[in-house]
Amino acid sequence: MKTLSLIIPCYNESSSLQEIYHELSNVLNDDTLSTLYNYEIIFVNDGSVDDTLEKIKAFSIKDETVKYISFSRNFGKESAMLAGLHHSVGNVAIIIDADLQHPPRLILDMIKYYEDGYDQVIAKRCRTGESFTRKHLTKFYYRIINKLVDVELVDGMGDFRLLSRKAINSLLALPEYNRFSKGLFSWIGYDKKIIEYENQERVAGESKWSLPSLLNYAIDGLISFNSKPLRLLIHLGVIITVLNVIYIGITFIRILLFGIETPGYFTLIAAILLLGGIQLISIGVIGEYVGRIFYEVKRRPKYVVSQSNIISKGEQLD
Ligand code: UDP
Ligand code: MG
C-alpha cells in the first residue's frame, strides 16, 4: 500500500479549516483511492495569529492521520510548503491551499496521472472571474518573465500540484534560502501533466496577497532565477557608452569646424537624467543580488518549528 501526503500551508485560516478538512476526508475516503493509498494530512501552521493551531490540534486528537507543524512566527508560504515536504513520508505528496481555492476533488485525477507515471501533476487555474487589471497585469508579467529567466513559467500554474517522491527529493536537494517555488518546480524537470480547473472564490477569510506583496513576488521571480537582469544592464551600459562616444566625437568635430555654439542646456540635462536613471536601476539590481548573497551565506534555517506532533524536539529544523 502506498502513502499519500497532503500538505496544507495555513496562515490565519481558522474560518476555512473545518471545511477543507471535511472535503479532504471525503475525497481521501473515496473507495478506489482508499484501497490503494494510506494517507497523512500535514497542516503547516505558518505563525497564524488566530486559532488555526487549536483547530488543527483538535483534528489531530480525533484523527491520527492529521499531522501538524507549527512555526514560531510567519515565515511565508514557501517555507510552509518546504516544511511539509521535508516531513512528509508519502510516496507521493500533494500541496493544496487551505482556502478551498484548490478543489480537493482534483486529487483523484492527479493520483490517476501519477499512476500513469507522471512525476509532477499540476492543476492549472484559468482566470475567469478575476478583475480585468489583475488578469492583464499577470499576463504581462508572464510574457516578460519568460523572456528573462531560464525556466519556463506558465500563468495559472500555482502550488496546487502532485509531486512524486523522486520530485520531492530533488526539490529538497536544492539548498537555497530564497525560494521561488514556481521556478524550482519547473527547474527540477520530470514528466509533467497539466490539468485545468475553474478559478474558485475563497470560502472564507481573505487573501494574504496585497498588490505590493505581489509586486515583490514578481521581482523575486525575476531575480532568483538567473543573472540575466545584470547582463541586460551591461548591454545597456555598453550601448549608451558607444552612443556617448559618438556624440562626443561629433560635438568635438563641430567645435573644430564651427567654433563653440551656445551651450546646450537641453542635451546636458538629458544626459544627466538619463545616466542618473540608468545608474539607479543598476545599483538597485546589483543591490538585489548582493542582498541575496548576504541571505544565502548566512545559511539560516528557512523556518523554525515551535510545536509539532511529528518533529521531535531538537531535531534539525530547516
Ligand atoms: N499562506 C501561508 N503563509 C503566508 C501566506 C499564505 O501559509 O504567509 C497560505 C494560506 O493560508 C493559504 C495559501 O498559503 O492556504 C494561499 O494563500 P492565499 O489564499 O492568501 O493566496 P492566494 O490564493 O490569494 O494566491
Ligand atoms: Mg487563496
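Since the model is a prediction, treat every value here as computed from it, not as a measurement.

Rules used throughout
Residues numbered from 1 in each chain as written. Chains lettered and ligands numbered in written order. Predicted model: local features only at pLDDT ≥ 70, side-chain atom pairs only at ≥ 80, totals over all residues. Heavy atoms only, no water. Near = heavy atom within 4 Å. Polar contact = N/O pair within 3.5 Å; in protein donor to acceptor, adjacent residues only side chain to side chain. Areas by Shrake-Rupley, 256 points an atom, 1.4 Å probe, with all protein chains shown as cover. Patch = residues over 30% accessible without salt bridge, like charges linked within 9 Å, V, L, I, M, F, W, Y side chains within 5 Å. Salt bridge = Lys/Arg side-chain N within 4 Å of Asp/Glu carboxyl O. Helix = DSSP H or I, 4+ residues; strand = E, 2+ residues; numbered from the N terminus. Buried < 20%, exposed > 50% of the residue type's maximum accessible area, 1.4 Å probe, protein only. Lys, Arg positive; Asp, Glu negative; His and termini not counted. Contact = heavy atoms within 4.5 Å. Arc of directions from axis to C-beta.

Enquirer: Before we move on, can you summarise the site of ligand 1 with the specific residues and values?
Expert: What surrounds ligand 1 is a group of 16 residues, the closest being E13, D46, D99, Q101 and S207. Y11 is positioned such that a nitrogen or oxygen atom in its backbone is 2.8 Å from an oxygen atom of ligand 1. Considering ligand 1 on its own, with 530 Å² of exposed area, one finds that the protein chains cover 87% of that surface.

Enquirer: If you had to explain a nonpolar patch on the surface to someone new, which residues and values would you point to?
Expert: Taken together, I234, V238, I239, V242, L243, I246 and I250 make up a surface patch of nonpolar side chains, about 650 Å² in accessible area. Topologically, L243 is positioned in helix α10 (residues 228–258). Under the relative-accessibility criterion, L243 is labelled exposed at 52%.

Enquirer: Residue-level account of helix α8 (residues 181–188), with values.
Expert: With 7 of its 8 residues buried, α8 lies for the most part within the structure. Along α8, the residues classified as buried are S181, K182, G183, L184, F185, S186 and I188. Of the residues flanking the end of α8, it is G189, one or two places downstream, whose phi is positive at about 80°.

Enquirer: I'd like a description of unusual backbone geometry, backed by residues and values.
Expert: In this model, N12 sits at a positive phi of 50°, which is unusual for a non-glycine residue. Relative to the assigned elements, N12 resides in the loop between β1 (2–10) and α1 (14–28). Under the relative-accessibility criterion, N12 is labelled partly exposed at 22%.

Enquirer: I'd like a rundown of the side chain of R179, residues and numbers included.
Expert: Within the secondary structure, R179 sits in the loop between α7 (165–172) and α8. This buried residue, R179, is left without a salt bridge; E176 holds the nearest opposite charge, at 5.0 Å. Discounting residues that sit within four places of it in the chain, R179 has contacts with E78, L82, L171, L174, L184 and K302.

Enquirer: Tell me about α7, and name the residues and values.
Expert: The set of residues buried in α7 consists of A167, I168, S170 and L171. Each buried residue of α7 lies within a common arc of 165° when the element is viewed along its axis, so the set occupies one face. Check the buried side of α7 and you find it contacts α4 (77–86), β4 (92–95), β5 (120–125), β6 (157–164) and α8.

Enquirer: Summarise the pattern of salt bridges; cite the residues concerned and give the values.
Expert: In total, this model carries 8 salt bridges according to the counting rule given. Across the pair E40 and K67 runs a salt bridge, and its minimum N-O distance is 2.9 Å. Of this pair, E40 sits in strand β2 (residues 37–45) while K67 sits in strand β3 (residues 66–71), placing them 27 residues apart in sequence. Comparing E40 with K67, the two get one shared label, buried. Each of the salt bridges in this network shares a partner with another, and the network as a whole consists of K77, D97 and D159.

Geometry only, nothing functional implied.
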